[in-house]
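Listed below, chain by chain, are the residues.
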Amino acid sequence: MKALDLIRRAGRSLKSAKVRTILTSLAIGVGAFTLTATLAAGNGIRDYTDRLISNNFDPAELIVGRDPEIENSGAPNTSPKEYDASVSNLTVGGDGSSLQIKQVTAEDVEELKKYDFVEQVRPNYQVQARYITAPTTDKQYTLTLQAYNPGQKPELEAGKLPEKGDIENGTLLLPTTYVELLGFKSAADAIGKEVSIATAQPFTEEALQEYFANLQMGAATGGETTAPEPTEQLTTYKVAAVTKQGAASLSFAGLPVMLSNEDTGALYDFTTEGTQNHGKYVYVYVRVKGGEDEQKALDAKAALKEDGYYVQTSQDIQKTITQFVDVLQILVGVFGVITVVASVFGIINTMYISVLERTREIGLMKALGMRGRDVAWLFRIEAAWIGFLGGVIGSALAFGAGTALNPWLTETLGLGEGNSILIFDFGQIAILIASLILVAIVAGWFPARKAAKLDPIEALRTE
Amino acid sequence: MITLRGISKTYGKKKQRFQALKDINLEIPDGASVAIIGKSGSGKSTLMHVMSGLDRPQTGEVIVDGQDILKLNTKAVDRFRSEKMGFIFQAFFVQGNESSFHNVALPLEIAKVPRSKRKAMIIEALERVEMPEKVTEYARNLSGGQKQRLAIARAIVAKPSILFADEPTGNLDSATGERIEKLLFDLNKQQGVTLVIVTHDHDLASRCDIRVNIKDGVIQSVDTAKRPKAKGGKS
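Reading guide: rules and limits
- Residues numbered from 1 in each chain as written.
- Chains lettered and ligands numbered in written order.
- Predicted model: local features only at pLDDT ≥ 70, side-chain atom pairs only at ≥ 80, totals over all residues.
- Helix = DSSP H or I, 4+ residues; strand = E, 2+ residues; numbered from the N terminus.
- Rg over C-alpha atoms; globule rule 2.2 N^0.38 Å.
- Buried ≥ 20, exposed ≤ 12 C-beta atoms within 10 Å, placed from the backbone.
- Contact = placed C-beta atoms within 7 Å.
- Nonpolar A, V, L, I, M, F, W, Y, C, P; charged D, E, K, R; others polar.
- Pairing = 2+ DSSP bridges.
- Axes fitted to C-alpha atoms, helices over the stretch in contact; angles between N-to-C directions.
- Core = buried A, V, L, I, M, F, W, Y, C linked by C-beta atoms within 7 Å.
- Parallel < 35°, antiparallel > 145°, perpendicular 65-115°, else oblique.
- Left-handed = near helix turned anticlockwise from the far one by under 90°.
- pLDDT = per-residue confidence, 0-100.
- Expected span 1.5 Å × (residues − 1).
- Bend = angle between axes of the 7 residues up to and from the residue.

It is worth spelling out the overall build of chain A at this point. Each helix and strand in chain A was counted, giving 14 helices and 15 strands. Taken over C-alpha atoms, the radius of gyration comes to 34 Å for chain A, far larger than the 23 Å a tight globule of 463 residues would show. With the C-alpha coordinates aligned to their principal axes, the bounding extent of chain A is approximately 125 × 55 × 55 Å. When each of the 463 residues of chain A is scored for burial, the buried share is 38%.

With that settled, consider the overall build of chain B. Helices and strands together make up the secondary structure of chain B, namely seven helices and 10 strands. Relative to the compact-globule value of 18 Å for 235 residues, chain B shows a C-alpha radius of gyration of 18 Å, a close match. Here the C-alpha coordinates of chain B stretch approximately 50 × 40 × 40 Å along the principal axes. In chain B, the proportion of contacts linking residues at least 24 apart, taken out of those at least 6 apart, comes to 71%.

With that settled, the discussion passes to the interface of chain A and chain B. Between chain A and chain B, the contact holds 19 residues from the first and 21 residues from the second. Elements with a minimum of two residues in the side of chain A that touches chain B: α1 (3-15), α10 (359-367) and α14 (456-461) of chain A. If one sorts the elements of the side of chain A that touches chain B by residue count, α10 of chain A sits on top with five residues. A per-class count over the side of chain A that touches chain B returns nine nonpolar, three polar and seven charged.

Residues and elements named next belong to chain A. Burial analysis of strand β14 (residues 283-288) places five of its six residues in the buried class, which makes it a mostly covered element. Where strand β5 (residues 118-123) lies against β14, five bridges are found, and the strand directions are antiparallel. When the sheet's bridge partners are listed, Val121 is paired in β14 with Val286.

All names here are of chain A. Read across the sheet, four strands follow the order β5-β14-β1-β15 without closing on themselves; strand pairing throughout is antiparallel. The sheet is open, and its two borders are formed by β5 and β15 (310-312), each paired with just one other strand. Across the sheet, the mean angle from the axis of one strand to that of its neighbour is 30°, orientation sign disregarded. Sheet analysis places strand β1 (residues 61-65) next to β14, joined by five bridges and oriented antiparallel.

With that settled, the discussion passes to the nonpolar core. Membership of the largest hydrophobic core comes to 119 residues, with the highest contact counts inside it found for Ala440 of chain A together with Val34 and Leu163 of chain B. Apart from the residues lying within four places of it in its own chain, the contact partners of Val34 of chain B are Ile28, Leu195, Val196, Ile197, Cys208, Asp209, Ile210 and Val212 of chain B.

Residue and element names in this part refer to chain A. Two elements in contact, helix α2 (residues 18-56) and helix α11 (residues 372-412), have axes separated by 6 Å at closest approach and are oriented at 45°. Regarding the angle of α2 to α11, the classification is oblique. Regarding α2 and α11, the two cross each other, and that crossing is right-handed.

To continue, consider the sheet that holds strand β2 (residues 18-28) of chain B. Residue and element names in this part refer to chain B. Read from one edge of the open sheet, four strands run β2-β1-β4-β5, paired in antiparallel fashion. Each of the sheet's edge strands pairs with one partner strand only, and the pair in question is β2 and β5 (67-68). Both strand β1 (residues 2-11) and β2 contribute to a ladder of seven bridges, which runs antiparallel. Residue pairing in the sheet places Ile7 in a bridge with Ile24 of β2.

Glancing now at the confidence of the model for chain A. In regions of low pLDDT, the predicted coordinates are not meant to be interpreted in detail. In this model, chain A carries an average pLDDT of 85, and 91% of its residues clear a pLDDT of 70 or more. The secondary structure element of chain A with the lowest average pLDDT is strand β2 (residues 87-91) of chain A, at 70, and the one with the highest is helix α12 (residues 426-443) of chain A, at 95.

Turning our eyes to something else, we now look at unusual backbone geometry. All names here are of chain B. With a phi close to 45°, Asp23 is a non-glycine residue in the positive phi region. Position of Asp23 relative to the elements: it lies in strand β2. Residue class for Asp23 comes out partly exposed when judged on the 14 C-beta atoms lying within 10 Å of it.

Take the confidence of the model for chain B next. All names here are of chain B. Within chain B, residue pLDDT values average 89, and 95% of them lie at 70 or more. Taken as a whole, residues 227-235 scores under 50 in pLDDT and shows 20 contacts with residues more than four places along the chain or in a different chain. For this predicted complex, the interface confidence comes out at an ipTM of 0.89, alongside a pTM of 0.73.

Another aspect to go through is the environment of Val332 of chain A. Residues and elements named next belong to chain A. As for its placement among the helices and strands, Val332 is situated in helix α9 (residues 314-357). For Val332, a count of 16 C-beta atoms within 10 Å translates into the label partly exposed. The sequence separation of Val332 and Thr34 amounts to 298 residues, and the corresponding C-alpha distance is 8.0 Å.

All right, on to α11 of chain A then. Residue and element names in this part refer to chain A. With 41 residues, α11 extends 57 Å between its outermost C-alpha atoms, agreeing within 8% with the 60 Å of an ideal straight helix rising 1.5 Å per residue. Largest kink in α11: about 50°, centred on Leu405, with the proline Pro407 one to four residues after it. One or two steps after α11, the chain reaches Gly414, where phi turns positive at roughly 65°.

Now the structure itself:
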């Protein structure tokens, strides 16, 4: 019998047992639903992280450090390492525990600049600012500070950014959230206005010594001693532009106030003076010439590693995030697969009943000269139809529900406009349905064999 | 021409051993109508199954059109059956959930007749049994007589040279049965189809050219009151 005739006959026979067919298909459909939704969620999250990475990390920039922790995406490694002057303490845990980490020194920065593939080296200044204020208000507000990255232009509410290179020294980029707080009428109004950032220098060793000396003297003379005040510095900048939160910006601490690299460096030097962090950075950004080409970035990484640096590329960061997504997806996928496995027994049961019910029909077909192999395929194709129906029902429901819920889900998760958490890939769905058909055929294998082996004489004797 | 030589068929083993056919020798000329008569359990159905290649005897030869079908493998026997033989059963065995059209199409699909040729053949077969208007009707909605006529259409659609009928009128009232008998004998006479009827109805048997009486697996007598007509031959 020809395949097309078998498929049609199997389809008609299913149609005559509609309720049973649909119920059996629904079982496999639940699996198809779960798997389709899981795949779509995986696609969505991967797409989102891709955008997150490309919006927040310049692919041409490498994160370069001196400590192996730079490349470690898991829990910090606490095994002892050799001490040298580049080691300093870093507070890591909420419990106040600190990690000693080898830092990049100013000499290292000079060395890094000498590589011929290096276009630019930007230290990662971690400036602890005190507050931000403006002449238009008497209030002071907290802030996070960051150096402007020319490779990563933020979205603007007002103002302008230079086409190329750093922003002008003495200017800053103000997040839109500060506009009203600092007493400006609008984002446009803030452009060119002055704001001030306060930073503080910790006690110098001399100040402390003086304090202790005074304390001893005071105790002796009964005079008053004043505790040393940290040296505070108020630096004034002009607002160059007002930034706003992009749809895919990766920022856990809110949008930072951005200064030029030189200005940030000056603040860093001021705030770290006299501390072990002075002139040292946890890591630096190294911009590779033509590093948008993945191969060039990887070559640079290899060369730097050879010289004892530890390097992370934006691909490495992406990998860390997608690894997490993959694990989640596999977990949910396993549930989908379990559902499919459960539905396999439903198919086997249905097919056995179908074979029993149609003993005479099978006998007749074999008496008329139909090959046992064709009889078996008739039933396998019937099972395949069930798999196909289940796959289509499940993925169609997932698609419908997903499309309907997508805006709500995206909003609830706060992914921002233009992102969607569920992305349906029709190629994937087609492969899924094809696999379910295959699974159903395997499920129908033994019932079909039973049908093929039926003795037509016995079968036709059944009254 | 169907020739049976030294056919013996045994079922079961040891104590349950049961010999259904004992040394059967029989010759059926092309275009003949043959009745195999016997009580239930006499071996008449087994004889029909052996002739059609559905059942394999332990010994003997079944020569159909010069070919010993016992020497063929299952695949070849299946093909042989689908191309040369038609079957009609007492219980009709039509598929109620299929239309008349698809019931009749089954043998054509099995014989791999191209789709383009099928429709005309199916309509022709349904016209032959005088029910072309039922082509789209589901078989379950047909009366008993109509079902059997549908079964006949299915049996003749692939133009077989031999038609096996196992108690074709057993489930029908006499008027309907009469109509079915007429249809079968018309096919036999007009198209030269060899007709082999298994029955215990002596009236039906008396209309056949050859009557084979069988009892306990042994042929008691072969009665040839009427000779097959000269024009009989392969269609």
